[in-house]
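In case you want the letters, here they are:
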Amino acid sequence: MRVLLVSTMFPPDYDGGVEVNAAKFANGLRDAGHEVDVVTRKWRERYEGSKTQDPPWVHRILEAWRQPTLYKNWFLLRYESKANYVRATKAGSRNIPIMEGFLKDRAYDVVLAFESLGIGPLTVQPAVRKGIPVAWNVSNYALADVLAPSKLLYLTQRLFAGSDYRRERALPFDNLFFVSEFMKNAYASRGVHPRHPQVIRRGIEFPLPDSPTQPATPARYIVAGRISPAKGIHVVVEAAKILADKDPRPWRVEVYGGLVEGEEGYLDELKAQIAEHGLEDRFEFHGFVQRADLMGRMQGATGFIVSSVWDEPGCNTIIESLANGLPLIATRAGANEEIIRGEGSALLYERFSAQELAEHMAHLLADPAAAQAMAARGLALIRERYQFPTVLAELVSALESCIDRGVNG
């Protein structure tokens, strides 16, 4: 099978789970004997790592929209989120000739398109013209806004993107590969019912430990993800204040994650909140770290906290923390409960309840044996359901079905 994987970003230049899983599938398909090329955006200006690590099958050639710094159009400033879709549509239009050149002397059986808001869905149009079927990996809400936009977004796109928007909506969206049942149902609630829906979950490609990690001292909790209000780190700070008032023992919270463009002020707000509560010695912000480095830093943690206050489509850090043998605390948000499956492999709390989160943090401190037993159940869940070979086999079967149906199937 010849696969063209299209992704807004690709490791080592990446933001989060979407790009990590794009790389997992690309490497997994190649290891299984399939031919795979990756087309992605050019290196971002803010990427500071080595730019010579790519294998020859990764092509960083696409354009992506940039956040304007001096945009004076009052309408776009008022409706900034809507403007991002306009920019993505126009970026896709600019990528059409780039993809046409790339595909000129190449042939593929199927396109697997990952998160495409940054580069625009129109990027795949040249492949469609060549009769190549497209499968869309759906792990966020962006495509729902393309397929079922609000009236305001629809009018904004029509006004500012015009013919490009009409071409974008004419793309085939029959094959949607949802990252979770929750995501599939969320799209259905918006009126999006693809002809060929499929749930392809995320999987763990690294070896699993034989037993849960042994907690080190002093105790430490890990939070990992973008530094964004949607990740609920401010709730963790409030929970830490509650816990610190009750338990003066040495423990700390380590936060890993990069800043989000346009939300840089959130980190300053968090630090001010921490200072107000007198928790400066309890929190450490480490910024963005590469995934392999984060996996190493997880070892010996008392617990991993997924504090998202938005509906996570299919949280990558949940399966990674369980796969590393860590006790997990997570919000009842989005697909989190679906991933955990209610099998006693994690402690759950309501997304804005600092009190409930603090109680769970205290439980991990007070009862290490119970925490280890819970982590063992988490490891068992990963072995049963989220081993990468199983997930990859499901993907291969779904892609083969796309090929059989063809571009209009």
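For the structure, see preceding data.
Bear in mind the structure is a predicted one, so any value in this text is a computation, not a measurement.

## Thoughts on the pairing of strand β6 (residues 175-178)
By the alternation rule, side chains of β6 split into N175 and F177 and L176 and F178, which are all buried. Taken together, the four bridges between strand β5 (residues 134-138) and β6 define a ladder with parallel strand orientation. Within the sheet, the bridge partner assigned to V138 lies in β6 and is F178. Pairing analysis gives four bridges linking β6 to strand β7 (residues 196-199), with the strands arranged parallel. Note that in β7 the partner of F177 across the bridge is Q198. On the question of chirality, the crossover connecting β6 to the parallel β7 by way of helix α8 (residues 181-189) is right-handed.

## Some words on the sheet that holds strand β3 (residues 58-62)
Overall, parallel pairing links the seven strands, which are arranged β3-β2-β1-β4-β5-β6-β7 in an open sheet. Every other strand in the sheet has two partners, leaving β3 and β7 as the edge strands with one partner each. On average, each strand axis in the sheet is inclined to that of its neighbour by 25 degrees, with strand direction left out of account. Where strand β4 (residues 110-113) lies against β5, three bridges are found, and the strand directions are parallel. Across the sheet, the residue bridging to A113 is W136, located in β5.

Each value, and the rule that gives it
- Residues numbered from 1 in each chain as written.
- Predicted model: local features only at pLDDT ≥ 70, side-chain atom pairs only at ≥ 80, totals over all residues.
- Heavy atoms only, no water.
- Buried < 20%, exposed > 50% of the residue type's maximum accessible area, 1.4 Å probe, protein only.
- Helix = DSSP H or I, 4+ residues; strand = E, 2+ residues; numbered from the N terminus.
- Pairing = 2+ DSSP bridges.
- Right-handed = clockwise from strand over helix to strand, strands pointing away.
- Axes fitted to C-alpha atoms, helices over the stretch in contact; angles between N-to-C directions.

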